Amino acid sequence: MFGARLRHWRERAGFTQAQLATRLGYHHSYLSKLELGSRRPTAEFACRADELLGTGGELTMLSRPPDGQEPAIPPPLPGLATDPADGTLRSWRARFPVYGIGCPLHGYRGCVADAPPEGPGAAVVHGFAALLAGYSQINLECVTTGITVAVEGCLHAMAEAMRAAAEPVGTALAGLAAHFADLAGWLRVERGQHGLGMAWFQRGVDWGQAAGNVPALCGLYTRMSSVARLEGDGSSAIAFARAARDTDPRRGWVRLHAQLHAARGYALLGDRAEFDRLAARALALAERLDERDQLEAPWLCGAEGQTFVSSFLAGGLRDLAARTGERTCADRAVEFARHSLASVPPRMYPSLVLLTLRLADSRACAGQPEAALATAAPVLPAARRAGMTVISRELAGLRERLGPASTALDSWPPNRDPLPYQR
């Protein structure tokens, strides 16, 4: 986490690694190791970096090592405390479920708090689960794909561990690997490497089926649907959405998730009638999610769920407006995009950037170029720096809709970012 956030603040300030290292009085190789996560920062370094980069003390907080107190990361992440002499697991403070993932060994009832897990196999499972939670938080809150290699390294290590693991550890690792493959594949997609991403998704499906992990399987098929949509293949996007639904249509959140992805596929094909039908069903279903849905898919429930559903419908309506030229679709897209942006949690900064661009694009489709430019302007620096496929696609679509007026997007000062990351 420290390395990812150091890189975020360095790039935001416009420094290269060598430039920042010189300003702080360190060698650039030390900075490189910190950002890669292969070395722990000193308190002095973190303090200097906070002052120079204006982070408000964030790096100092993240630099503190585990010391038997609560870990210096936001809840609900699980915490691990290790022996500094040899790195072995000393205690486990579980806070599962996290991001919809239950404990791979104990399900959604959680683990025994403040006690080491029994057996070396259990320690391995819990350790990888903690890493998955941490990487998932970085993916949600940081505009970066810098954790790709680390996530894939975990997957390779887990594949080796599965070969020698006895039950129930083997099944637990397979289910956990399916979630890791979902994250690894999406990080590759965000880098524009769709083939590698789809390969990880398919491997994840194999692991998910072996473990009987419905949440992981549903997530993997909807990721595949997203990739098909990014490639302009609405029919395949719909087919993958149906595969997601079939993982377990008895779960309300599974049906909702699948319907939203299918609706986006029909929007891409210009089928307004089918989009409207699925959108209405999704909105009705979102009101009926139960306690199990809350545990397995918290991002579809409450305020976060409203953001998710509204953003999907805004994207679909925007696609319909771009495909058919219907002004009513564009106007509805603006309303859904405004609603999703108003309810997105501030900590989810990549979503803030993405949804701001989606609102701007919807306004451009509605024939409001000045409003579109004013909406997009605050996040343009972050969007240009991101290098992430989904954000880049939103920006490219906005440019296309604005036509000659899109040249104004390039005149916005590149060193300003009025939507700062917030913990």
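One can find the structure itself at the top, above this paragraph.
All of these numbers come straight from a predicted model, not from anything done at the bench.

Caption draft 1: Focus on the overall build of the chain. Along the chain, the regular secondary structure elements total 20 helices and 2 strands. The proportion of buried residues among the 423 residues of the chain is 52%. Pairs at least 24 residues apart make up 63% of the contacts formed inside the chain by residues separated by at least 6 positions. Total accessible area on the chain stands at roughly 18,100 Å², and carbon and sulfur atoms take up 53% of it.

Caption draft 2: Here's a closer look at the environment of G397. Tracing the chain through its elements places G397 in helix α20 (residues 389–402). Assessed through its relative accessible area of 9%, G397 is described here as buried. When the C-alpha atoms of G397 and R358 are compared, they prove to be 9.1 Å apart, with 39 residues separating the residues in sequence.

Caption draft 3: Looking closely at unusual backbone geometry. Cis peptide bonds are those with omega within 30 degrees of zero, and the linkage from E167 to P168 qualifies with 5°. Within the secondary structure, P168 is located in the loop between α7 (148–164) and α8 (169–190).

Caption draft 4: Here's a closer look at the packing of aromatic side chains. Counting across every chain of the model gives 7 aromatic pairs. A centroid spacing of 5.4 Å and a plane angle of 80° characterise the contact between Y30 and F45, whose relative ring orientation is edge-to-face. Placement of the pair is Y30 in helix α3 (residues 28–36) and F45 in helix α4 (residues 43–53), with a sequence separation of 15 residues. Like F45, Y30 is buried. Taking 5.9 Å as the distance between ring centres and 75° as the angle between the ring planes, the aromatic pair formed by W253 and W299 counts as edge-to-face. Taken together, the residues W253 in helix α12 (residues 252–268) and W299 in the loop between α14 (291–296) and α15 (302–324) connect sequence positions 46 residues apart. You can call W253 buried: its relative accessible area is 1%. Here a set of aromatic residues connected by ring pairs shows up, and it is made of F2, Y26, Y30 and F45. Positioned above the aromatic ring of F312 is the side chain of R264, whose terminal nitrogen or guanidinium carbon lies 5.8 Å from the ring centre.

Caption draft 5: Spatial organisation of the side chain of E152. You can see E152 is positioned in helix α7. A polar side-chain atom of E152 sits 2.8 Å from a polar atom in the side chain of R188. Not counting chain neighbours up to four residues away, the residues in contact with E152 comprise A184, R188 and W200.

Caption draft 6: View of the packing of α12 against α15. The N-to-C vectors of α12 and α15 enclose an angle of 15°; their axes lie 8 Å apart at closest approach. As far as their axial angle goes, α15 and α12 are roughly parallel. Classified by chirality, the crossing of α15 by α12 is left-handed. Between α12 and α15, the contacting residues are H257, L260, H261, R264, A267 and L268 on the first element and F308, V309, F312, L313, G315, G316, R318, D319, L320 and R323 on the second.

Caption draft 7: Quick peek at the pattern of salt bridges. Applying the stated criterion across every chain yields a total of 21 salt bridges. Residue R10 pairs with E35 through a salt bridge whose shortest N-O separation is 2.6 Å. Of this pair, R10 sits in helix α1 (residues 2–13) while E35 is found in helix α3, placing the two residues 25 residues apart along the sequence. For R10, a relative accessible area of 8% puts it in the buried group. Take E35: its relative accessible area is 15%, and that puts it in the buried class. Measuring nitrogen to oxygen at the nearest pair gives 2.9 Å for the salt bridge that ties R318 to D319.

Caption draft 8: Geometry of the nonpolar core. The biggest cluster of nonpolar side chains holds 105 residues, and the ones touching the most others in it are F180, W207, L260, L357, I391 and L398. Among the elements that make up this core, the one with the highest residue count is α8 (14 residues). Discounting chain neighbours no more than four positions away, the residues touching W207 are L155, A159, M162, A174, A177, A178, A181 and W200. Core analysis: the second largest hydrophobic core is formed by 17 residues, W9, L31, A49 and M61 among them.

Caption draft 9: Spatial organisation of the packing of helix α13 (residues 272–286) against helix α16 (residues 327–343). Interaxial distance between α13 and α16 falls to 14 Å at its minimum, and their mutual angle equals 25°. Classed by the angle they form, the pair α13 and α16 counts as roughly parallel. In this structure, α13 crosses over α16, and the sense of that crossing is left-handed. On α16, the residues that touch R272, D276 and L283 of α13 are T328, C329, R332 and F336. Grouping the amino acids of the contact of α13 with α16 by side-chain chemistry returns 3 nonpolar, 1 polar and 3 charged.

About the thresholds
Once a new chain begins, its residue numbering starts again from 1 and follows that chain's sequence as written. Restriction of local features to residues with pLDDT of at least 70 applies here, the model being predicted, together with a cutoff of 80 or more for giving and counting side-chain atom pairs; totals for whole chains, interfaces and linings are based on all residues. No hydrogens and no water enter the side-chain calculation; it runs on all heavy atoms of the structure. Only DSSP runs of H or I with at least four residues qualify as helices, and only runs of E with at least two residues qualify as strands; both kinds are numbered from the N terminus onward. Think of it in three bands: residues with accessible area under 20% of the maximum for their type are buried, residues over 50% are exposed, and the middle band is partly exposed, with areas taken using a 1.4 Å probe on protein chains only. Working rule for contacts: check all heavy atoms of both residues, and any pair within 4.5 Å makes them a contact. Only the protein chains shown count as covering a residue, and every accessible area follows the Shrake-Rupley method with a 1.4 Å probe. Note on ring pairs: Phe, Tyr and Trp rings are taken, using the six-membered ring of Trp, and paired if centres are within 6.5 Å. Classes follow the plane angle, with under 30 degrees stacked, over 60 edge-to-face and the rest tilted. Whether a charge sits over a ring depends on NZ of Lys or CZ of Arg being within 6 Å of the ring centre and within 35 degrees of the ring normal. A 3.5 Å cut-off defines polar contacts: any pair of N or O atoms within that distance qualifies, except that in protein one atom must be a possible hydrogen donor and the other a possible acceptor, and neighbouring residues in sequence count only when both atoms are side-chain atoms. Think of each axis as a best-fit line through the C-alpha atoms, taken over the contacting stretch in the case of a helix, with angles from 0 to 180 degrees between the N-to-C directions. Working definition: roughly parallel below 35 degrees, roughly antiparallel above 145 degrees, roughly perpendicular at 65 to 115 degrees, and oblique for all remaining angles. Crossing handedness: left-handed means the near helix sits turned counterclockwise from the far one by under a right angle, and right-handed means the same turn made clockwise. Salt bridges are defined as contacts in which a side-chain nitrogen from Lys or Arg sits within 4 Å of a carboxyl oxygen from Asp or Glu. Residues belong to one nonpolar core when they are buried, are Ala, Val, Leu, Ile, Met, Phe, Trp, Tyr or Cys, and are joined through side-chain atoms within 4.5 Å. Polarity classes work like this: nonpolar for Ala, Val, Leu, Ile, Met, Phe, Trp, Tyr, Cys and Pro, charged for Asp, Glu, Lys and Arg, and polar for all others, with Gly in that last group.

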